[in-house]
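# Close look at the chain arrangement
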Amino acid sequence: EWNMDVKMSFNPSSNNYIDWIISADSFNLKSFKNGYFIRLGGSTDEISLFRVNAGIETKVIDGTDGILNTSNNLINIALINNNDTFTLKRKTIGSNVYVTEGVYIHNATISTINSGIRIRQSTASFFNRHSFDNYYIGKIIKDTVAPVLDSFIALNPNTIRLVFSENIDSLSVKDSSNYTLSPKNNW
């Protein structure tokens, strides 16, 4: 897994964006010939995954257009490599909900020997308007903490609103066998 928090205090463009090099065959991240990178920004203000093969860049996951079309972007990016499949995800910092940008099946052996950040800026006005935190490369982080019921409220005689400590899988929420409700006095 590759995971990082990113702050961009500007609206990215085709001349102002960030490339997070995931894997490169060269220490020189400006001119590597083979590998993968995540682009934050570009002309469509998206988060996308690119493959580089013999120096040719190919977009393999085309992220949601316009997602970075703001002057204050605070996001967490995660790329999960499970066997031969990349899953690119993003979430707003402070949120527990990841949105999947896409999935790409690859047949490459991925090396993280050369990884880093490459920034494209058109003018000095973009200097010092990027920050990166919680940079992680390692085994897939698994959520092992079960959600906890934080609060509930009876909206009417037939409806209860439950609030959990994190978002719940939508399939398990719909399964009524996951719940028991015992009547109490004064309800």
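Residues numbered from 1 in each chain as written. Predicted model: local features only at pLDDT ≥ 70, side-chain atom pairs only at ≥ 80, totals over all residues. Heavy atoms only, no water.

### Focus on the overall build of the protein chain
For the protein chain, the helix and strand inventory stands at one helix and 12 strands. Its helices and strands taken in sequence order, the protein chain reads β-β-β-β-β-β-β-β-β-β-β-β-α from the N to the C terminus. Dimensions along the principal axes, computed over C-alpha positions, put the protein chain at roughly 70 × 40 × 25 Å. Taking all 187 residues of the protein chain together, 33% fall into the buried category. When the accessible surface of the protein chain is summed, it comes to about 11600 Å², and 50% of that surface belongs to carbon and sulfur atoms. Each charge class in the protein chain was averaged separately, 17 positive and 17 negative side chains, and the resulting centres sit 3 Å apart. (Helix = DSSP H or I, 4+ residues; strand = E, 2+ residues; numbered from the N terminus. Buried < 20%, exposed > 50% of the residue type's maximum accessible area, 1.4 Å probe, protein only. Areas by Shrake-Rupley, 256 points an atom, 1.4 Å probe, with all protein chains shown as cover. Lys, Arg positive; Asp, Glu negative; His and termini not counted. Charge placed at Lys NZ, Arg CZ, Asp CG, Glu CD.)

### Here we look at the packing of aromatic side chains
Tallied over the entire structure, the rule returns five aromatic pairs. For the pair Trp2 and Phe86, a centre-to-centre distance of 6.1 Å together with 65 degrees between the ring planes defines the contact as edge-to-face. Placement of the pair is Trp2 in strand β1 (residues 2-8) and Phe86 in strand β7 (residues 85-92), with a sequence separation of 84 residues. A relative accessible area of 0% means that Phe86 is categorised as buried. (Phe/Tyr/Trp six-rings, centres within 6.5 Å; stacked < 30°, edge-to-face > 60°.)

### A few points about the side chain of Asp45
Counting through the fold element by element, Asp45 comes out in the loop between β3 (35-41) and β4 (46-53). No salt bridge is formed by the buried Asp45, whose closest oppositely charged neighbour, Arg39, lies at an N-O distance of 11 Å. Excluding residues that lie within four positions of it along the chain, Asp45 makes contacts with Asn11, Pro12, Ser13, Thr64, Asp65, Gly66, Ile67, Leu68 and Asn69. (Salt bridge = Lys/Arg side-chain N within 4 Å of Asp/Glu carboxyl O. Contact = heavy atoms within 4.5 Å.)

### Describing the pattern of salt bridges
Inspection of the entire model under this criterion finds six salt bridges. The salt bridge involving Asp19 is made with Arg39; its shortest N-O contact spans 2.7 Å. Here the residue Asp19 occupies a position in strand β2 (residues 17-24), and Arg39 occupies one in strand β3, the gap between them amounting to 20 residues. One exposure class covers both Asp19 and Arg39, and it is buried. Ionic pairing is found between Arg39 and Glu57, a salt bridge with its closest N-O pair at 3.9 Å. Highlighted residues: Arg39 in strand β3 and Glu57 in strand β5 (residues 56-61), separated in sequence by 18 residues. When its relative accessible area of 14% is taken as the criterion, Arg39 is described as buried. Judged by relative accessible area, Glu57 falls into the partly exposed class, the value being 42%.

### Describing the nonpolar core
By size, the foremost hydrophobic cluster in this structure holds 23 residues, and its most contacted members are Ile38, Leu40, Leu49 and Ile77. Elements that contribute at least two residues to this core include exactly β1, β2, β3, β4, β5, β6 (73-82) and β7. By residue number, the principal contributor to this core is β1, which donates four residues. Beyond its immediate stretch of four places on either side in the chain, Leu49 contacts Tyr36, Phe37, Ile38, Thr58, Lys59, Val60, Ile61, Leu79, Phe86 and Leu88. If you look at the next biggest cluster of nonpolar residues, it comprises seven residues, including Ile21, Ala24, Leu29 and Phe50. (Core = buried A, V, L, I, M, F, W, Y, C linked by side-chain atoms within 4.5 Å.)

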